[in-house]
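Geometric and topological summary
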Amino acid sequence: MRNYTPENITDLGPDDIFVFGSNLAGHHAGGAARVARQRFGAIEGQGVGIQGQSYAIPTMQGGVETIKPYVDEFVDLAREWDQNTFYVTRIGCGIAGFKDEEIAPLFDEAYDLYNVRLPESFAHIIEDERAKRKNDETEERKDKED
């Protein structure tokens, strides 16, 4: 059974990391960023990366394409830090104004990592997109065989 990021995280175990959306300037004033600053060691003025028991992914600097490189960096770190469990919040889907359907696909690689927990909505979107890709590939193969 798949584990998801809880809706409301108020405490973490010693090896857990809270992953939140931030801005490049590191002003952690609202939403999950404020929770990260108040509870999990996010550093005011640091907009990217690991800080305390949190990890910042910038989401306020442009479109989805500007977020992807930061998500890729996060995925690389999560692979390397496999002793930690990363709880990804619905980054970009609050103050930044993106929809889950826009952000979730950025975490496709993270979906397969045993130490990354995604929001349930992100996981379902990734599962649906993978099923659609598989169906499309099956249809393509059938077309080539005919």
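First, a word on what this report is: a plain description of the structure on this page. (Residues numbered from 1 in each chain as written. Predicted model: local features only at pLDDT ≥ 70, side-chain atom pairs only at ≥ 80, totals over all residues. Heavy atoms only, no water.)

1. Structural notes on the pattern of salt bridges
Evaluation of the coordinates by the stated rule reveals 9 salt bridges. Residue Arg 79 pairs with Glu 109 through a salt bridge whose shortest N-O separation is 2.8 Å. You can see Arg 79 sitting in helix H2 (residues 64–80) and its partner Glu 109 sitting in helix H4 (residues 108–111), a full 30 residues away along the chain. Between Asp 112 and Arg 130 there is a salt bridge, with its nearest N and O atoms 2.8 Å apart. Linking Asp 112 in the loop between H4 and strand S5 (116–117) with Arg 130 in helix H5 (residues 120–145), this pair joins segments that are 18 residues apart in sequence. (Salt bridge = Lys/Arg side-chain N within 4 Å of Asp/Glu carboxyl O. Helix = DSSP H or I, 4+ residues; strand = E, 2+ residues; numbered from the N terminus.)

2. Topic: the pairing of strand S4 (residues 85–88)
What you see with S4 is no split at all: Thr 85 and Tyr 87 on one side and Phe 86 and Val 88 on the other are buried throughout. Across 4 bridges, strand S1 (residues 16–22) lies against S4 in parallel orientation. Directly across from Ile 17, in S4, lies its bridge partner Phe 86. Pairing analysis gives 2 bridges linking S4 to S5, with the strands arranged parallel. Across the sheet, the residue bridging to Phe 86 is Val 116, located in S5. (Buried < 20%, exposed > 50% of the residue type's maximum accessible area, 1.4 Å probe, protein only. Pairing = 2+ DSSP bridges.)

3. Points about the sheet that holds strand S3 (residues 54–58)
Think of a sheet as strands paired side by side through backbone hydrogen bonds, with each pair either parallel or antiparallel. A sheet is described by the order of its strands in space; here 5 strands give the open sequence S2-S3-S1-S4-S5, paired in mixed fashion. Both outer strands of the open sheet, strand S2 (49–51) and S5, are each paired with one neighbouring strand and no more. Packing against the sheet, helix H1 (residues 31–39) makes contact with S1 and S3, and its axis sits at approximately 135° to S1. Lying over the sheet, H2 contacts S1, S3, S4 and S5, oriented at roughly 155° with respect to S3. (Contact = heavy atoms within 4.5 Å. Axes fitted to C-alpha atoms, helices over the stretch in contact; angles between N-to-C directions.)

4. Thoughts on the side chain of Ser 54
Here Ser 54 shows up in strand S3. Classification of Ser 54 by relative accessible area gives buried; the value is 0%. At a separation of 2.7 Å, a polar atom in the side chain of Ser 54 contacts the main-chain carbonyl oxygen of Gln 51. Those residues within four positions of Ser 54 in sequence are excluded, and the remaining contacts are Ile 17, Phe 18, Phe 20, Ala 36, Phe 40, Gly 41, Ala 42 and Gly 49. (Polar contact = N/O pair within 3.5 Å; in protein donor to acceptor, adjacent residues only side chain to side chain.)

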